[in-house]
Amino acid sequence: MTSITPFRPVPVPFARPIRLGVLISGGGSTLLNFLEKIDSGELSAEVPLVIASRPDCAGVSRARSAGLDCDVVERKSFPGTVEFSQAIFSKCRRARVELVTLAGFLNLIEVPDDFRYRVMNIHPALIPSFCGQGFYGHKVHEAVLAHGAKVSGCTVHFADNQYDHGPIILQSCVAVADDDTPQTLAARVFAAECQTYPEAIRLYAAGRLEITGQRARVVPARRTAASKEETE
Ligand code: GRF
């Protein structure tokens, strides 16, 4: 899933709120952060669809209380990852989702061709450290502390068909304190996530991400006719 020549997933910036699909498996804290940022005007987006992989996760009731459409798609209802993913992406197509955001989604998915570079994930550590299968929730922060790492952080990346893999869009670092517990570190990392994930979505919607092979880079904002005039 790589392109050798530079590729812009969004060649023309969105002139209206981007339609996000949000996939969750747990508390939906990242979803709630998106909603806060949308409400405050910091993120120009709408959430026409939430998909939860667990019927009983707190995120389902939180999404519905916020008035969002929330479907449950359980991995165990399907023979394999391919069929599970087809069910998810069919719903996304039907809801005219433009960018799928994995937000504490714990299942592996297979990204279909028409959603290539249209699926983002956030991981609560600095990829390629402390990531991959089994590294989720507090297990990530426990591993960081057990290793004695002095920094951690979060990574937003395009998702491909492997856990925590695919071109990295943004990373933010946080310091690890000597007296950190998995809980205190998680809180510091989550505060960084709350800024970094919306920023990655903004850059995407602004057409400012360009991918070459495994590398995603942020290209400078295009000058509009109005801003050109101002500087001339
Ligand atoms: C986020 O911290 C993110 O880093 C990770 O899952 C967390 C959200 O989980 N992928 P939850 O929905 O609050 O359980």
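Each remark here, short or long, concerns the structure printed above.
Okay, so let's go over this structure. Only a predicted model underlies this, so the values are computations on that prediction, with no experimental measurement involved.

### Overview of the pattern of salt bridges
Evaluated as defined, the whole model comprises nine salt bridges. Close ionic contact of E98 with R16 constitutes a salt bridge, the shortest N to O distance being 2.5 Å. Residue E98 is found in the loop between α3 (81–94) and β4 (99–102), and its partner R16 is found in the segment before β1 (18–24); the two are separated by 82 residues along the sequence. E98 gets classed as buried once you look at its relative accessible area, which sits at 16%. A salt bridge links R188 to D180; the nearest nitrogen and oxygen atoms lie 2.7 Å apart. When its relative accessible area of 31% is taken as the criterion, R188 is described as partly exposed.

### Concerning the layout of surface pockets
In this structure, the largest pocket spans a volume of roughly 860 Å³. Contributing to the lining of the largest pocket are 38 residues, with G104, F105, L106, Y136 and G137 lying nearest its centre. Contributions of two or more residues to the lining of the largest pocket are made by α1 (29–39), β5 (119–123), α4 (138–147) and α5 (182–205). Take the lining of the largest pocket: its biggest share by element is four residues, from α5. Looking at the lining of the largest pocket, its residues break down into 15 nonpolar, 18 polar and five charged. The computed volume of the second largest pocket comes to approximately 170 Å³. Lining the second largest pocket are ten residues, and of these P13, A206, R208, A221 and R222 sit closest to its centre. Its residues placed into classes, the lining of the second largest pocket shows five nonpolar, two polar and three charged.

Criteria and thresholds
- Residues numbered from 1 in each chain as written.
- Predicted model: local features only at pLDDT ≥ 70, side-chain atom pairs only at ≥ 80, totals over all residues.
- Heavy atoms only, no water.
- Salt bridge = Lys/Arg side-chain N within 4 Å of Asp/Glu carboxyl O.
- Helix = DSSP H or I, 4+ residues; strand = E, 2+ residues; numbered from the N terminus.
- Buried < 20%, exposed > 50% of the residue type's maximum accessible area, 1.4 Å probe, protein only.
- 1 Å grid on protein atoms, 1.4 Å probe; cavity = no way out; pocket = protein on both sides within 12 Å on 5 of 7 lines; lining within 4 Å.
- Points joined across faces, edges and corners; volume = space filled by probe spheres on them.
- Nonpolar A, V, L, I, M, F, W, Y, C, P; charged D, E, K, R; others polar.

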